[in-house]
Amino acid sequence: MTTADRPWKIPESVLVVIHTPALDVLLIRRADAEDFWQSVTGSKDAADEPLMLTAAREVAEETGIQCGAGSPLAAGLVDWQLRNVYEIYPRWRARYAPGVTHNTEHLFGLCVPERLVPVLAPREHTEWKWLPYREAADACFSPSNAEAILLLPEFAR
């Protein structure tokens, strides 16, 4: 268990690129790293949690945007069937079990009809902005997040 008596984070996560049909992308700023702008990300809550559920849950938790099954935006949440395996940043490695150094991230897109105003989880994110996709990619701290955003024209057809 971690020092806060919580279970270790599962090293399998989602990255959800929230975008409009015009390819504007929502970025959110991390509360624990002010210079880190990113898309919605988050780990599975349980090893058997379906990735689509993880993606919808994380979007709701981090932005207040409801895109789970039965919601009007559910059809806009798309599994891109791509994944990244990357080394977990040392600053966040203590959240994982000893010896875990890599995470598998599954890429999703969420098309929303227009630039929505998110409701951020203040312990996780402090600010948001919508940018054209190339500018959003340039603003991301994570290379894998930037690469995912640059794939947007392929997946937003």
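Residues numbered from 1 in each chain as written. Predicted model: local features only at pLDDT ≥ 70, side-chain atom pairs only at ≥ 80, totals over all residues. Heavy atoms only, no water.

J.: Lay out the overall build of the chain in plain terms, naming residues and giving numbers.
T.: In terms of helices and strands, the chain carries four helices and seven strands. Ordered by position from N to C terminus, the α and β elements of the chain give β-β-β-β-α-β-β-β-α-α-α. For 157 residues, the compact-globule formula gives about 15 Å, and the C-alpha radius of gyration of the chain, at 15 Å, lands near that figure. Each of the three principal axes of the chain carries a C-alpha extent, and together these read 45 × 35 × 30 Å. Buried residues in the chain amount to 48% of all 157 residues. Long-range pairs, those at least 24 residues apart, make up 68% of the contacts in the chain between residues at least 6 apart in sequence. (Helix = DSSP H or I, 4+ residues; strand = E, 2+ residues; numbered from the N terminus. Rg over C-alpha atoms; globule rule 2.2 N^0.38 Å. Buried < 20%, exposed > 50% of the residue type's maximum accessible area, 1.4 Å probe, protein only. Contact = heavy atoms within 4.5 Å.)

J.: Let's hear about the pattern of salt bridges: which residues, and what values?
T.: Scanning all chains against the criterion turns up 10 salt bridges. Aspartate 32 is the salt-bridge partner of arginine 95, the closest N and O atoms lying 3.1 Å from each other. Residue arginine 95 is found in the loop between strand 5 (77-87) and strand 6 (102-111), and its partner aspartate 32 is found in the loop between strand 2 (24-30) and strand 3 (37-38); the two are separated by 63 residues along the sequence. With its nearest N and O atoms 3.0 Å apart, the salt bridge here joins glutamate 49 to arginine 57. (Salt bridge = Lys/Arg side-chain N within 4 Å of Asp/Glu carboxyl O.)

J.: Mind laying out helix 1 (residues 51-63), listing which residues take part and the relevant values?
T.: Compared with an ideal rise of 1.5 Å per residue, which puts 13 residues at 18 Å, helix 1 spans 18 Å between its outermost C-alpha atoms and is within 8% of the ideal. Where helix 1 is buried, its residues contact strand 1 (12-19), strand 2, strand 4 (40-43), strand 5, strand 6 and strand 7 (125-132). Among the residues trailing helix 1, glycine 64 stands out with phi positive, at a value near 80 degrees. (Expected span 1.5 Å × (residues − 1).)

J.: If you had to explain the state of the cysteines to someone new, which residues and values would you point to?
T.: Scanning all chains against the criterion turns up zero disulfides. Cysteine 67 forms no disulfide, and the closest cysteine sulfur to it belongs to cysteine 111, at a distance of 12 Å. (Disulfide = S-S within 2.5 Å.)

J.: Can you explain the packing of aromatic side chains? Please cite residues and give values.
T.: Following the criterion strictly, the structure yields seven aromatic pairs and no others. When the ring of phenylalanine 36 is compared with that of tryptophan 92, the centres are 5.9 Å apart and the planes differ by 65 degrees; the resulting orientation is edge-to-face. Taken together, the positions of phenylalanine 36 in the loop between strand 2 and strand 3 and tryptophan 92 in the loop between strand 5 and strand 6 put the pair 56 residues apart, joining distant regions of the chain. Of the two residues, phenylalanine 36 and tryptophan 92, both sit in the buried class. Seen from their ring centres, tyrosine 89 and tryptophan 92 are 5.7 Å apart, and the 90 degrees between their planes marks the pair as edge-to-face. With a relative accessible area of 33%, tyrosine 89 lands in the partly exposed category. Ring-pair connections join several aromatic residues into one group, and the members of that group are Phe36, Tyr89, Trp92 and Phe141. The ring of tryptophan 92 is capped by arginine 91, whose NZ or CZ atom sits 5.0 Å from the centre of that ring. Over the face of the ring belonging to tryptophan 37 we find lysine 129, whose NZ or CZ atom lies 4.1 Å from the ring centre. (Phe/Tyr/Trp six-rings, centres within 6.5 Å; stacked < 30°, edge-to-face > 60°. Lys NZ or Arg CZ within 6 Å of the ring centre and 35° of its normal.)

J.: Describe the environment of arginine 30, and please don't skip the residues or the numbers.
T.: With respect to the secondary-structure elements, arginine 30 resides in strand 2. For the pair arginine 30 and glycine 64, spaced 34 residues apart in the sequence, the C-alpha separation amounts to 16 Å. Contacts of arginine 30, omitting those with residues within four sequence positions, involve Phe36, Gln38, Trp92, Arg95, Glu124, His125, Thr126 and Phe141.

J.: An account of the nonpolar core is needed here, citing residue identities and associated values.
T.: Ranked by size, the top nonpolar core spans 19 residues in total, and within it Val16, Ile18, Val59, Leu77 and Leu110 carry the most contacts. Listed by contribution, the elements that provide at least two residues to this core are strand 1, strand 2, helix 1 and strand 6. Here the element with the most residues in this core is helix 1; it accounts for four residues. In this structure valine 16 touches Ser39, Val40, Ala55, Val59, Leu77, Phe108, Gly109 and Leu110, once residues within four positions along its chain are discounted. (Core = buried A, V, L, I, M, F, W, Y, C linked by side-chain atoms within 4.5 Å.)

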